[in-house]
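Residues per chain, in single letters:
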Amino acid sequence: MCGCHDTDESHDAETQKIVERRRLVQGLAAGGLLTAGAGLPGCSTNPETGRSQLLLVRGEQLSQMAAASWADVKSKTPTSNDPRYTRRLKTIGDRIARGANKHNERWDYAVFDQNTRNAFVLPGNRVGFYKGMMDFADNDDQIAGIMGHEVGHVTGRHAAARVSQQMAGQLAIAGGTILGGSQLQRRCRSLPANQQRACFQRASQNTRLLNGALGMGISLGVLLPYSRQHESESDLLGAKYMHKAGYDAYQSVRLWEKMAEASPSRQPELLSTHPDPARRARDLHNYIKAQEDLGSQGWDSIKT
Ligand SMILES: [Zn+2]
């Protein structure tokens, strides 16, 4: 589950992912929070990234919910049985999983028979690649770069973090509405009786506006940068796993340079959930170079 590798051709895939994400959040709202709250600390440090994360849901819960989304997307989008794609992807995936020290877990791969330059991962180690993504890559190393990125979403626990963020956002909206509403209502009650009715009407309108503003603030102020942070984090984790798996990590730089050349017109980066491809290439290059300069101390973390 990620927003990644966005190109002009991938709007359908993006929409599909948003629908899947929404379904996950709806599933959680229907009872996930209580289960997650039992025995799960709110914040924990991710060993792969060294970052603190708010986690309100367990990976296994997400994995169970994602099973339906995975089956759904495979039934609605034609998949390829061509071993030149499927075998190639599995070979690269298993190598990257080993590089990420995740080879003892079960991984599912699917190649979708569409000319879209995109790939995604759903909770439960389910990795989907569109044929267009594989065709766009010059070599196995570049595919390994995308695979590494997807595995980075898994080890970065980005799905659980993002869903937890959404849940926390919903709670904040509810909290803000109650606060704003009760303050306004108290003010209305202090007014003379003949002015109270109009005041209560204004209060309820204000509550609706407040609700909307908070919701928008959360989407733009929290969710967008959060998502871009995950993309950048996954890029670096991906390069690390490429290196550990014996691939040439610099090929991930080349891939994002190619992406930048292929999709020159983009919305301003500030409004986008995805980092600019040229910037991704630069950040990856700087990270890989820094690891090489560190010598035997390199490739240990994603800190630059
Ligand atoms: Zn991604």
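Residues numbered from 1 in each chain as written. Predicted model: local features only at pLDDT ≥ 70, side-chain atom pairs only at ≥ 80, totals over all residues.

Some details on the overall build of the protein chain
Item 1. Assigned secondary structure in the protein chain consists of 10 helices and five strands.
Item 2. In the protein chain, buried positions account for 38% of the 304 residues.
Item 3. Of all intrachain contacts in the protein chain linking residues separated by at least 6 positions in sequence, the fraction that spans at least 24 positions is 70%. (Helix = DSSP H or I, 4+ residues; strand = E, 2+ residues; numbered from the N terminus. Buried ≥ 20, exposed ≤ 12 C-beta atoms within 10 Å, placed from the backbone. Contact = placed C-beta atoms within 7 Å.)

Concerning the sheet that holds strand S4 (residues 119-122)
Item 1. Here we have three strands laid out as an open sheet, ordered S3-S5-S4, and mixed in their pairing. Edge strands, defined here as strands with exactly one partner in the open sheet, are strand S3 (108-112) and S4. Strand-to-strand, the axes of this sheet are offset by a mean angle of 15°, without reference to chain direction.
Item 2. Where S4 lies against strand S5 (residues 126-130), four bridges are found, and the strand directions are antiparallel. When the sheet's bridge partners are listed, Phe120 is paired in S5 with Gly128. (Pairing = 2+ DSSP bridges. Axes fitted to C-alpha atoms, helices over the stretch in contact; angles between N-to-C directions.)

A short note on the pairing of S5
Item 1. Burial within S5 is extensive, with five of its five residues counted as buried.
Item 2. Of the two faces of S5, both are covered, the one formed by Arg126, Gly128 and Tyr130 as well as the one formed by Val127 and Phe129.
Item 3. By the bridge criterion, five bridges tie S3 to S5 in an arrangement that is parallel. Paired with Ala110 across the two strands is Gly128, which belongs to S5.
Item 4. Once S4 ends, the chain turns through three residues before running back antiparallel as S5, passing Gly124 with a positive phi of about 95°.

Here we look at the environment of Lys131
Item 1. Assignment of secondary structure puts Lys131 in helix H5 (residues 131-136).
Item 2. Note on Lys131: 19 C-beta atoms within 10 Å, which makes it partly exposed.
Item 3. Along the primary structure Lys131 and Asn115 are separated by 16 residues, whereas in three dimensions their C-alpha atoms are 5.7 Å apart.
Item 4. Filtering out sequence-adjacent residues up to four positions away, Lys131 remains in contact with Ser80, Tyr85, Val111, Phe112, Asp113, Gln114 and Asn115.

With respect to helix H4 (residues 83-99)
Residues spaced three or four apart along an α-helix point in a common direction, a consequence of the helix completing one turn every 3.6 residues.
Item 1. For H4, which comprises 17 residues, the first-to-last C-alpha distance of 23 Å matches the rise-based estimate of 24 Å (1.5 Å per residue) to within 8%.
Item 2. Among the residues of H4, Tyr85, Leu89, Ile92, Gly93, Arg95, Ile96, Ala97 and Gly99 are the ones counted as buried.
Item 3. One or two steps after H4, the chain reaches Asn101, where phi turns positive at roughly 60°. (Expected span 1.5 Å × (residues − 1).)

Here's the deal with helix H3 (residues 59-76)
Item 1. When the terminal C-alpha atoms of H3 are compared, their 25 Å separation across 18 residues agrees well with the 26 Å that a helix rising 1.5 Å per residue should span.
Item 2. For H3, the principal kink sits at Ala66 and spans about 30°.
Item 3. Residues of H3 that are buried include every one of Gln61, Leu62, Met65, Ala66, Ser69 and Val73, and no others. (Bend = angle between axes of the 7 residues up to and from the residue.)

Observations regarding the confidence of the model for the protein chain
Item 1. Confidence in the prediction for the protein chain averages 80 pLDDT; 73% of positions are at 70 or higher.
Item 2. A low-confidence stretch, residues 23-41 stays under pLDDT 50, and its non-local contacts, those more than four residues away or across chains, total 24 contacts. (pLDDT = per-residue confidence, 0-100.)

Some points on the nonpolar core
Item 1. Residues Ile96, Phe129, Ala144 and Met147 are the most contacted members of the largest nonpolar core, which totals 52 residues.
Item 2. With sequence-adjacent residues up to four places away left out, Ile96 is seen in contact with Ala144, Met147, Gly148, Val151, Tyr241 and Ala245. (Core = buried A, V, L, I, M, F, W, Y, C linked by C-beta atoms within 7 Å.)

So, the packing of H4 against helix H6 (residues 140-155)
Item 1. Taken N-terminus to C-terminus, the directions of H4 and H6 make an angle of 55°; their axes are 9 Å apart at the nearest point. Relative to H6, the element H4 is oriented oblique. Where H4 crosses over H6, the handedness of that crossing is right-handed. Between H4 and H6, the residues in contact are Ile92, Gly93, Ile96 and Ala97 and Asp140, Ile143, Ala144, Met147, Gly148 and Val151, respectively.
Item 2. Class assignment for the residues of the contact of H4 with H6 results in seven nonpolar, two polar and one charged. (Parallel < 35°, antiparallel > 145°, perpendicular 65-115°, else oblique. Left-handed = near helix turned anticlockwise from the far one by under 90°. Nonpolar A, V, L, I, M, F, W, Y, C, P; charged D, E, K, R; others polar.)

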